[in-house]
Amino acid sequence: MNIIKSTIRCFIQVVCLTTLFIANSHAAVEPGSTSPEAAQMPQNSIESVDYAALQNGKFLITLKLKHALKNPPAGFAVNNPPRIALDLPDTANTLGKNTINIGEGVLRNLNIVQAGSRTRLVINLTKPAGYETKIAGDTLLITLQGTESTGVTSNVSAKFAEAPPGSQKHALRDVDFRRGKGGEGRVVVDLSDANTGIDIRTEGKSIVVEFINTTLPRNLERKLDVVDFGTPVQTVSTFGHGNNARLVIEPKGLWEHSAYQTDHQFILDVKPIVEDSSKLVQGTKAGYSGEKLSLDFQNIETRTLLAVLADFAEMNVVISDSVRSSTTLRLKDVPWDQALDITLKQSGLSMRKSGNVIMIAPSEELATKEKLELEAKQQISELEQLRTETFQLKYTKAESFQKILADDKQKILSKRGSAVWDPRTNMLFIQDTPAKLEDVRKLINQIDIPVRQVMIEARIVEASDTFSRALGARLGFQDHGSITGTNQRAMVGGQLEAPGYGTGQAATIPTYSPQGMNVNLPAKSSSGTAGVLSMILFQSNATRFLNLELSALQADGKGKIISNPRVLTSDQSEAVIEDGTEIPYLQASSSGSTSVSFKKAVLSLKVKPQITPDDNIIMDLKVNKDSRGVDTVAGPAINTKQITTQVLVENGGTVVIGGIFNQEESTTVTKVPLLGDIPVLGFMFRNTDKRDDKRELLVFVTPKILKESLNLR
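Cut-offs applied
Residues numbered from 1 in each chain as written. Predicted model: local features only at pLDDT ≥ 70, side-chain atom pairs only at ≥ 80, totals over all residues. Heavy atoms only, no water. Helix = DSSP H or I, 4+ residues; strand = E, 2+ residues; numbered from the N terminus. Buried < 20%, exposed > 50% of the residue type's maximum accessible area, 1.4 Å probe, protein only. Contact = heavy atoms within 4.5 Å. Axes fitted to C-alpha atoms, helices over the stretch in contact; angles between N-to-C directions. Parallel < 35°, antiparallel > 145°, perpendicular 65-115°, else oblique. Left-handed = near helix turned anticlockwise from the far one by under 90°. Nonpolar A, V, L, I, M, F, W, Y, C, P; charged D, E, K, R; others polar. Salt bridge = Lys/Arg side-chain N within 4 Å of Asp/Glu carboxyl O. Expected span 1.5 Å × (residues − 1). Arc of directions from axis to C-beta. Pairing = 2+ DSSP bridges. pLDDT = per-residue confidence, 0-100.

1. Some points on the overall build of the protein
Logical step 1: Of the regular secondary structure elements, the protein holds 7 helices and 44 strands.
Logical step 2: Sorting the 713 residues of the protein into buried and exposed places 38% on the buried side.
Logical step 3: Sequence-distant contacts, at least 24 apart, represent 64% of the contacts inside the protein between residues at least 6 apart.

2. Observations regarding the packing of helix H3 (residues 302–313) against helix H4 (residues 336–346)
Logical step 1: Put simply, H3 and H4 touch, their axes get as near as 11 Å, and they point 165° apart. Classified by the angle between their axes, H3 and H4 sit roughly antiparallel to one another. Of the two elements, H3 crosses H4, and the hand of that crossing is left-handed. Only Trp-336, Ala-339, Leu-340, Thr-343 and Leu-344 of H4 make contact with H3, whose side of the interface consists of Thr-302, Leu-305, Leu-306, Leu-309, Phe-312 and Ala-313.
Logical step 2: Residues belonging to the contact of H3 with H4 are distributed by class as follows: 9 nonpolar, 2 polar and no charged.

3. A short note on the pattern of salt bridges
Logical step 1: On inspection of all chains with the given rule, the structure shows 24 salt bridges.
Logical step 2: The partner of Glu-365 in a salt bridge is Lys-369, and the shortest N-O contact between them spans 3.4 Å. You can see Glu-365 and its partner Lys-369 sitting in helix H5 (residues 363–383), 4 residues apart, about one turn around the helix.
Logical step 3: Judged by its relative accessible area of 22%, Glu-365 falls in the partly exposed class.

4. Topic: helix H7 (residues 434–447)
Logical step 1: For H7, with 14 residues, the first-to-last C-alpha span of 20 Å sits near the 20 Å given by 1.5 Å per residue.
Logical step 2: Within H7 the residues assigned to the buried category are Leu-437, Val-440, Leu-443 and Ile-444. Buried residues in H7, looked at end-on, bunch into an arc of 120°, giving them a common side. Residues of H7 that are exposed and angled more than 90 degrees away from the buried face: Asn-445 and Gln-446.

5. A closer look at the pairing of strand S37 (residues 575–588)
Logical step 1: Bridge count for S37 against strand S38 (residues 594–611) is 14 bridges, and the pairing is antiparallel. The partner of Gln-587 across the bridge, within S38, is Ser-595.

6. Regarding the confidence of the model for the protein
Regions with low pLDDT carry predicted coordinates that are not meant to be interpreted in detail.
Logical step 1: For the protein, per-residue confidence averages 77 on the pLDDT scale, and residues scoring 70 or more make up 80% of the total.
Logical step 2: Per-element mean pLDDT across the protein ranges from 35 in strand S1 (residues 4–8) up to 93 in strand S20 (residues 244–251).
Logical step 3: Counting contacts from residues 1–39, a segment whose pLDDT is below 50, to residues more than four positions away or on other chains yields 65 contacts.
Logical step 4: In this model residues 147–157 is a low-confidence stretch, pLDDT under 50, and it forms 16 contacts with partners more than four residues away in sequence or in other chains.

7. Quick word on unusual backbone geometry
Logical step 1: You will see that Asn-213, though not glycine, has its phi angle at about 50°, which is positive.
Logical step 2: You can see Asn-213 is positioned in the loop between strand S16 (206–212) and strand S17 (214–215).
Logical step 3: Phi at Asp-615 is positive, roughly 65°, even though this residue is not glycine.
Logical step 4: Relative to the assigned elements, Asp-615 resides in the loop between S38 and strand S39 (616–625).
Logical step 5: When its relative accessible area of 23% is taken as the criterion, Asp-615 is described as partly exposed.

8. A few points about the sheet that holds strand S27 (residues 357–362)
Logical step 1: One open sheet holds the 3 strands; their spatial order is S24-S27-S26, and the pairing between them is mixed. Each edge of the open sheet carries a strand with a single partner, namely strand S24 (316–319) and strand S26 (349–354). Pairwise comparison of adjacent strand axes, ignoring direction, gives a mean angle of 25° for this sheet.
Logical step 2: Alignment of S24 against S27, held across 4 bridges, turns out to be parallel. In the sheet register, Ile-319 faces S27, and the bridge partner there is Ile-360.

9. A short note on the sheet that holds strand S7 (residues 99–104)
Two pairing modes exist for strands in a sheet, parallel and antiparallel, and in both the strands are linked by backbone hydrogen bonds.
Logical step 1: The 5 strands are arranged S4-S5-S9-S8-S7 in an open sheet whose pairing can be described as antiparallel. Of all strands in the sheet, those bounded by a partner on one side alone are strand S4 (74–78) and S7. Ignoring strand direction, the axes of neighbouring strands in this sheet form an average angle of 15°.
Logical step 2: Both S4 and strand S5 (residues 83–88) contribute to a ladder of 5 bridges, which runs antiparallel. Within S5, the position partnered with Ala-77 by the bridge is Ile-84.

This is the structure in structure tokens:
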């Protein structure tokens, strides 16, 4: 039996490292700008890499460069999986390969990745280890600390970025806390420069970040209570510690952390881990994440193999006496949890994890035991004494909650359970077993909560732009001879009136009649009254008249009407608001009698909001903008403008749910045939009316979730 036990964890693949490296490189460049490192070829390059084992478990890595580095490279260390990353600016990889396998001591291999003008050296380890960097001419020396030098301690320390030599003082500009999309707590620290040395370690249940030789402004010496963010982080404390600035993060529960730096910004994420009782190794990574091992067995008993895996993983295992099979397997560099899973599947076994103890038995045996346990629990529940409890509901109606409990299709209570409610006090009385009562109590705590309020504001904007122009003329000619004597008279388009005419008395010379126009085409428009210019030519004895009257009108109007209905309602409750009039009209019935009916001409907003878990709002909307139209035999007509739709809007956002644009252009010419077509003089024999009207309707909707107050302002 040859067991090669290794303590190598999963390392980051070259592709992932390249992606992370490029992302960090791009994050340091402002959008729209050109990176100075990408604008020129690297001046330095890696010529060779060598390594050697030292005493006390230490390991030395030597990088031969084309030119000497000005400052030690910045880098960071991660504990799970254990690795160290160093960034070499303005340096190219001329080795012709990206991976160097070593497999000695704490060192597994080296990954060298170039992105643009930078090169990142990633040192994959078998366990977390500290490191030191030193520049010796054109050589970079990296010393890895072994287990003998670090000793046994409960605190895990990692040097994120080593401070360059010299007495340069650094400073923290700002310390901020945010919640990530995945529920992680994110601490963002703005640094004065990218050469700040950073040490990260865990002390007990806290994460300590030390900024080497760094000053802290007085306004940043504080303790932030970030419990309300809903992340694993409870508090973030920042204070000075000697010549350094210290950041202490206190999480709770199961968590894991990761850190990275982009130029002047240091970011540390604390991610929550949801404990899964079925998983042997807790963590957020998918697949198998146990320490790797190599196995080579020929016809070994399954009980013995399981004992070997238990010793390797240092776990508590209980193996059933019915496990009698044997197996043959050969595995190389396989996570131990995957090796255990393979062994169980090959032998037809299953496991159940209870705390830190794993029970292993044939699948049928475990299924039988679980069935017996469930049957025993069911018998106990059928014989268990019933209890009665009273629940005071605050926000939910007891009647609706009682219907949920008494639903026959999906019962929450047991067969012997019952629930009644009192409408006067809104109390619920439930009789059932203690276990069911506890389930009901949890359900009430989830349902009986204040309903969130939403204020919906709509803006209905009506804009109009009207233009009209009218031009017309009136023309007449009259020739009145003496009525006595020759009785000569001539008139075109007029009427002749004289005092005494038709009464038997002597008639005098007739006066001018303004109705005597043979061309009567004045300018007319609904926009206003036209201006008139009149000219009259006549003789000295006033017997001949030439009348010319020009009328013209130009109107230009602009208008805007804004209607702003607002309504407050609760989540998933319909609300209606109206403003307008009800118009009465007579309606005939089948018997011949008449009755008074009403038609609405209102501005109305009908909405039913639904708040999503991410604080967006889904709305079923119906907006009406009605006005009275013309009167008909059946009653008044209603000019209506209506929008019915469903939209998804972010909290506080504004969306245009619809719009109507109308444009009306018309030109009307009224003229005397032939005469109206005469050049220049034809305007006296025609009337021209030109209109250009534009109207636009837009509807805006803005929903807001009210969390603290119910104020419509």
